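Close look at the chain arrangement
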Amino acid sequence: MNVQEQIENYIASQPEPKNSDMQALHRMILQVMPKCKLWFLDGKNSENKTISNPNIGYGSHTIKYADGTTREFYQIGMSANKTGISVYILGIKDKTYLAQTYKKKLGRASVTGYCIKFKTLKDINVDILEAAIRYGGEAQGEKR
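On a predicted model such as this, the values are computed, not experimentally measured, just so you know.

1. Describing the overall build of the protein chain
Check the secondary structure of the protein chain and you find 4 helices and 8 strands. Each helix and strand of the protein chain, ordered N terminal to C terminal, gives the series α-α-β-β-β-β-β-β-α-β-β-α. Its C-alpha atoms give the protein chain a radius of gyration of 15 Å, near enough to 15 Å, the size a compact globule of 144 residues would have. With the C-alpha coordinates of the protein chain rotated into their principal frame, the extents come out at 40 × 35 × 30 Å. Within the protein chain, buried positions represent 42% of all 144 residues. Excluding contacts between residues fewer than 6 apart, the proportion of contacts in the protein chain whose partners are at least 24 apart in sequence is 48%.

2. Looking at the pattern of salt bridges
The tally for this structure, following the rule as stated, stands at 3 salt bridges. Note that arginine 108 and aspartate 123 form a salt bridge whose closest N and O atoms lie 3.9 Å from each other. Pair noted here: arginine 108 is in the loop between helix 3 (97–106) and strand 7 (109–111) and aspartate 123 is in the loop between strand 8 (115–118) and helix 4 (126–139), with a separation of 15 residues, a long-range link. Given a relative accessible area of 60%, arginine 108 falls into the exposed group. Judged by relative accessible area, which is 14%, aspartate 123 ranks as buried.

3. Side note on the environment of glutamate 72
Its location among the elements puts glutamate 72 in strand 4 (residues 70–73). Judged by relative accessible area, which is 40%, glutamate 72 ranks as partly exposed. C-alpha separation for the pair glutamate 72 and isoleucine 133, spaced 61 residues apart in sequence, amounts to 19 Å. Not counting chain neighbours up to four residues away, the residues in contact with glutamate 72 comprise Lys37, Trp39, Ser60 and His61. A distance of 3.4 Å separates a polar atom in the side chain of glutamate 72 from a polar atom in the side chain of lysine 37. Side-chain polar atoms of glutamate 72 contact the side chain of serine 60, separated by 2.6 Å.

4. Description of the layout of surface pockets
Rolled over the atoms, a probe as big as a water molecule pinpoints where empty space is left. Computed from the structure, the largest pocket encloses a volume of approximately 240 Å³. Lining of the largest pocket is provided by 15 residues; of these, Leu41, Ser52, Asn53, Asn55 and Tyr74 occupy positions nearest its centre. Among the residues making up the lining of the largest pocket, the classes are represented as 7 nonpolar, 5 polar and 3 charged. The space that makes up the second largest pocket amounts to roughly 200 Å³. In terms of lining, the second largest pocket is formed by 10 residues, of which the most central are His61, Leu90, Gly91, Ile92 and Lys95. Taken together, the residues of the lining of the second largest pocket sort by class into 4 nonpolar, 4 polar and 2 charged.

5. Digging into the sheet that holds strand 5 (residues 76–80)
Read across the open sheet, the 6 strands follow the order 1-2-5-6-8-7; overall the sheet is antiparallel. If you trace the sheet from one side to the other, it starts and ends with strand 1 (38–41) and strand 7, each paired once. Strand-to-strand, the axes of this sheet are offset by a mean angle of 15°, without reference to chain direction. Bridging between strand 5 and strand 6 (residues 85–89) involves 5 bridges; their strand directions are antiparallel. Paired with methionine 78 across the bridge in strand 6 is valine 87. On the sheet, helix 1 (residues 3–12) packs against strand 1, strand 2 (55–58) and strand 5 and is oriented at approximately 55° with respect to strand 1. Sheet strands touched by helix 3: strand 6, strand 7 and strand 8. Its angle to strand 7, the strand with the most contacts, is close to 175°.

What counts, and where the lines are drawn
- Residues take numbers from 1 onward in each chain, read along the sequence in its written order.
- Whole-chain, interface and lining totals are the exception, using all residues; otherwise, since this is a predicted model, local features are given only for residues with pLDDT of at least 70 and side-chain atom pairs are given and counted only at 80 or more.
- Hydrogens and waters are ignored; side-chain quantities use all the structure's heavy atoms.
- For the purposes of this entry, the term helix denotes a DSSP run of H or I that reaches at least four residues, the term strand denotes a run of E that reaches at least two, and both are numbered from the N terminus.
- As defined in this context, the radius of gyration uses C-alpha atoms, and a globule is described by 2.2 Å times the residue total to the power 0.38.
- The cut-offs for exposure are 20% and 50% of the maximum accessible area for each residue type, with area from a 1.4 Å probe on protein chains only; residues under the lower value are buried, those over the upper are exposed, and the others partly exposed.
- In what follows, residue pairs with any heavy atoms lying within 4.5 Å of each other are defined as contacts.
- Each reported salt bridge corresponds to a side-chain nitrogen of Lys or Arg within 4 Å of a carboxyl oxygen of Asp or Glu.
- In protein, a polar contact means a hydrogen-donor-capable atom and an acceptor-capable atom, both N or O and within 3.5 Å, with residues adjacent in sequence counting only if both atoms are side-chain atoms; elsewhere, any N or O pair within 3.5 Å suffices.
- Lining residues are defined by having an atom within 4 Å of a point belonging to a cavity or pocket. Those points lie on a 1 Å grid over the protein atoms alone, cavities being sets where a 1.4 Å probe fits but cannot get out and pockets being open sets with protein on both sides within 12 Å along at least five of seven lines.
- Grid points are joined across faces, edges and corners, and a volume is the space filled by probe spheres set on the points.
- Only Asp, Glu, Lys and Arg are considered charged, only Ala, Val, Leu, Ile, Met, Phe, Trp, Tyr, Cys and Pro nonpolar, and every remaining residue, Gly among them, polar.
- Two strands make a pair as long as DSSP finds a minimum of two bridges between them.
- Structural elements are reduced to axes, namely lines fitted to C-alpha atoms, with helices fitted over the stretch in contact, and the angle between N-to-C directions of any two is expressed from 0 to 180 degrees.

Okay, structure coming up:
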């Protein structure tokens, strides 16, 4: 199964309205970042133990660890969680930027240094979420 099929199966496995919301978000992110690399992480480690929720990734950036090693990873991520959906915007140097810039205008969502979490799309201002995603893609120089 290729990455696109894994993504489609993951989204299709979600109950409504999460399924429709994730489909809409997937389309929106692909419009913002049409040439991005797609990722699908099943949430399992090398021993096949579940360590996180499965997630979809978009784009690519390099993570640098304290010991100097690096790893390629996605820039923008999306995952279903128990209460809704999480959107991850990785690689932003200023960990207060997302909350300071988007939190007040976003609606009913929690915003951390790299994660925007909400129950359904109808609870938030989708245009503001798109602006945050666009910023995350541009912060890493994602090609359009």
